[in-house]
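For reference, the chains in residue letters:
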Amino acid sequence: MKLSPSILTCDFAHLEDELRFVEQSGADMVHLDVMDGVFVPNLSFGPPVIARIRPCTDLMFDVHLMMEYPDRLIDAFADAGADLINFHIESAAPVEETIARIRAKGKKVALTLKPKTPAEAVFPYLPLLDMVLVMTVEPGFGGQSFMADMLPKITAIRAEAARIGHPLDIQVDGGIGAKTAALVADAGATVAVVGSALFNAEDPKALADYVHSCERS
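Draft legend 1. Local environment of the packing of aromatic side chains. Here the structure, examined in full by the defined rule, presents two aromatic pairs. Aromatic pair F12 and F45: ring centres 5.9 Å apart, planes at 45 degrees, arrangement tilted. With F12 in the loop between β1 (2–5) and α1 (15–25) and F45 in the loop between β2 (29–35) and α2 (47–53), the pair connects residues that are 33 residues apart, well separated along the chain. Under the relative-accessibility criterion, F12 is labelled partly exposed at 37%.

Quick look at the structure:
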């Protein structure tokens, strides 16, 4: 699997140093959790912060918009340096129009599913997407426990992508670490968001190497 560390649990007073840590861990991209205090009961950061840290790393910026109206700020996030823009299917944004807007800005696009949203909700949009993100915790806060009952959802999306012949990335976010990375990979995931487990690891590089080694059996 590819590794996309979430900086939600990092030291925001030293973001440049934390991005250097992410690079040194062997990450493939950086997961940026944007929360608006409406769609989820928490606030994080927005385009100005992303624009300031964009020069600090060449890693891909994987921007996850946990926002009620993500469509209103697509241009701002794209211009700030997002490489992939990921919004929730449960948001108030018109799905196909928002996907088209992201594409028009030359960015990759993903849709996210909350735990209670069935896999089938994203099926009509799969041909339009580069990635689907399956949340294995409720969005909004880091450090939650992994929800193993989301594994069949990953498998169902992988099966539908295979059926239509679409080479889709499936990302998993929530409680991913040494005990769960192999489970999501075996279910069909190709990208793991790892936050607290990586930043608190005794040997971050070893954890990153382990995640990279996980694949579908």
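And the narrative resumes.
Draft legend 2. The arrangement of the pairing of strand β4 (residues 84–88) in detail. Burial of β4 is extensive: five of the five residues sit out of reach of the surface. Taking every second residue as pointing to the same face, both faces of β4 are buried, with L84, N86 and H88 on one and I85 and F87 on the other. Bridging between strand β3 (residues 60–66) and β4 involves four bridges; their strand directions are parallel. Considered in β4, the bridge of V63 is made with I85. Tracing the backbone out of β3, into helix α3 (residues 74–80) and back to the parallel element β4 gives a crossover that is right-handed. As judged from the five bridges shared by β4 and strand β5 (residues 108–113), these two strands associate in the parallel manner. Bridge pairing in β5 places N86 opposite A110.

Draft legend 3. Representation of the pattern of salt bridges in the model. Applying the stated criterion to the full structure yields nine salt bridges. The residue D79 makes a salt bridge to K105 at a minimum N-O spacing of 2.9 Å. Linking D79 in helix α3 with K105 in the loop between α4 (95–104) and β5, this pair joins segments that are 26 residues apart in sequence. The exposed category is assigned to D79, whose relative accessible area is 59%. Between R163 and E160 there is a salt bridge; the shortest N-O distance is 2.9 Å. Of the two residues, R163 and E160 are both situated in helix α5 (residues 151–163); the distance of three residues between them amounts to about one turn of the helix.

The rules behind these values
- Residues numbered from 1 in each chain as written.
- Predicted model: local features only at pLDDT ≥ 70, side-chain atom pairs only at ≥ 80, totals over all residues.
- Heavy atoms only, no water.
- Phe/Tyr/Trp six-rings, centres within 6.5 Å; stacked < 30°, edge-to-face > 60°.
- Helix = DSSP H or I, 4+ residues; strand = E, 2+ residues; numbered from the N terminus.
- Buried < 20%, exposed > 50% of the residue type's maximum accessible area, 1.4 Å probe, protein only.
- Pairing = 2+ DSSP bridges.
- Right-handed = clockwise from strand over helix to strand, strands pointing away.
- Salt bridge = Lys/Arg side-chain N within 4 Å of Asp/Glu carboxyl O.

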